[in-house]
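# Coordinate inspection notes
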Amino acid sequence: MIKVKNVTKIFNEGKPTQTLALKDISFDILEGESALLKGPSGSGKSTLLAIIAALLKPTSGDVDVDGQKIAKLPDNFASLYRRENLGFIFQKFNLIPTLSVEENVILPLIPSDLSKEEIEEKAKSAMSKFSIIHKKDDLAKNLSGGEQQRVAIARALVNDPKIILADEPTANLDSKLSKSFLEFVKILHDEGKTIVIATHDPIFFDLDFIDKEIEIIRGKMQ
Ligand SMILES: Nc1ncnc2c1ncn2[C@@H]1O[C@H](COP(=O)(O)OP(=O)(O)OP(=O)(O)O)[C@@H](O)[C@H]1O
Ligand SMILES: [Mg+2]
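Presented here is an overview of the structure given in this document. Numbers given for residues are sequential positions, taken from 1 along each chain in its written order. The naming scheme follows written order: chains are lettered A onward, ligands numbered 1 onward. Per-residue local features are limited, in this predicted model, to residues with pLDDT of at least 70; the limit for side-chain atom pairs, both in listing and counting, is 80 or more; totals at the level of whole chains, interfaces and linings are taken over all residues. As a rule here, side-chain values come from all non-hydrogen atoms in the structure, and water together with hydrogens is ignored.

### Observations regarding the packing of aromatic side chains
- In summary, the pairing rule links any two rings of Phe, Tyr or Trp, Trp by its six-membered ring, whose centres are within 6.5 Å, and it sorts them by plane angle into stacked for under 30 degrees, edge-to-face for over 60 and tilted for everything else. Following the criterion strictly, the structure yields 2 aromatic pairs and no others.
- Ring geometry for Phe130 against Phe184: centres 4.9 Å apart, planes inclined by 80°, an arrangement best described as edge-to-face. Linking Phe130 in the loop between helix 4 (116-129) and helix 5 (145-157) with Phe184 in helix 6 (residues 175-190), this pair joins segments that are 54 residues apart in sequence.
- Ring centres 6.3 Å apart and planes at 80° place the aromatic pair Phe181 and Phe204 in the edge-to-face group. Of this pair, Phe181 sits in helix 6 while Phe204 is found in the loop between strand 8 (194-199) and strand 9 (212-217), placing the two residues 23 residues apart along the sequence. Like Phe181, the residue Phe204 is buried in the burial classification.
- Only when the NZ of Lys or the CZ of Arg is both within 6 Å of the ring centre and within 35 degrees of the ring normal is a charge said to sit over the ring. Stacked on the ring of Phe205, the Lys or Arg Lys38 has its end atom at 4.4 Å from the ring centre. Secondary structure follows DSSP: runs of H or I at least 4 residues long count as helices, runs of E at least 2 residues long count as strands, and numbering of each begins at the N terminus. In this scheme, a residue with accessible area under 20% of its type's maximum is buried, one over 50% is exposed, and one in between is partly exposed, where area comes from a 1.4 Å probe on protein chains only.

### Here's the deal with the side chain of Ser43
- By secondary structure assignment, the location of Ser43 is in the loop between strand 3 (34-38) and helix 1 (45-52).
- Only 2.7 Å separates the side chain of Ser43 from the backbone oxygen of Pro40, close enough to count as a polar contact.
- With near-sequence residues (within four places) excluded, Ser43 lies in contact with Ala21, Leu22, Ile216, Ile217, Arg218 and Gly219. In protein, a polar contact means a hydrogen-donor-capable atom and an acceptor-capable atom, both N or O and within 3.5 Å, with residues adjacent in sequence counting only if both atoms are side-chain atoms; elsewhere, any N or O pair within 3.5 Å suffices. In this description, contact between two residues means that some pair of their heavy atoms is separated by no more than 4.5 Å.

### Some thoughts on the site of ligand 1
- Working definition: residue near molecule or strand if any one of its non-hydrogen atoms lies within 4 Å of it. The immediate surroundings of ligand 1 are formed by 15 residues, with Ser41, Gly42, Lys45, Ser46 and Thr47 found nearest.
- Within the contact set of ligand 1, an oxygen atom lies 2.8 Å away from a side-chain nitrogen or oxygen of Ser46.
- For accessible areas, the Shrake-Rupley method is used with a probe of radius 1.4 Å. Any residue's cover is judged against the shown protein chains and nothing else. Protein burial of ligand 1: of its 630 Å² of free accessible surface, 64% is covered by the chains.
- Elements supplying a minimum of two residues to the shell around ligand 1: strand 2 (19-29) and helix 1.
- It is helix 1 that provides the largest number of residues to the shell around ligand 1, a total of 3 residues.
- Residues that form the shell around ligand 1 fall into these classes: 3 nonpolar, 10 polar and 2 charged. Side-chain classes are defined by residue name, with Ala, Val, Leu, Ile, Met, Phe, Trp, Tyr, Cys and Pro counting as nonpolar, Asp, Glu, Lys and Arg as charged, and the others, Gly among them, as polar.

Note that all results are geometric; they support no functional claim without further evidence.
Right, dumping it as structure tokens:
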């Protein structure tokens, strides 16, 4: 489902701030597999997820997702690719602060052909699953970190994507909510979704529904 081949990413190439974030990374994640990208802070996990999401272009190397070459997709095709295939949960939530919880959750459904009622139903179900429905009319900027994270999770899943990319999804959740997130990963795994989680949270290590652990240290695969 996801094939990463010899991916290298250099930020600020040729400048004094040049950073080699990823060096010659290769791995495959099969359809229906759950994979962890693990490694210390600054090792390149978020950069790699952003490349898989076609939010960043690698300096060299190839990425195939579901048969599509995405390393060099022009921006308009990249956003179509994301909309049709991916749900993401970012480290920094990326909520729109001036919109309500419900409006944020609905965002990925706006370009679809669904009716207003269908959109509201899907949003309601996603908000209930992540215990945030009681805040549905609150503005995102007024939520606590953990609440914002739950909105981000509900938004990532509202579209029923076949691939879910999560960057430190439990970073702002308490241990009870982290465990409920794990339960949800297990359910998604059982539904056949392909899941990639970048994390250093040991709660994810050695779980039976995690099929692969890819370790990156200072941009290199271990
Ligand atoms: N846009 C950017 N411009 C320049 N350097 C960047 C950029 N994004 C990331 N980097 C650098 O690339 C390296 C990898 O960063 P990345 O965010 O991928 O690490 P990470 O493994 O996700 O870390 P963390 O666990 O702290 O989230 C770091 O040295 C970082 O400073
Ligand atoms: Mg990161």
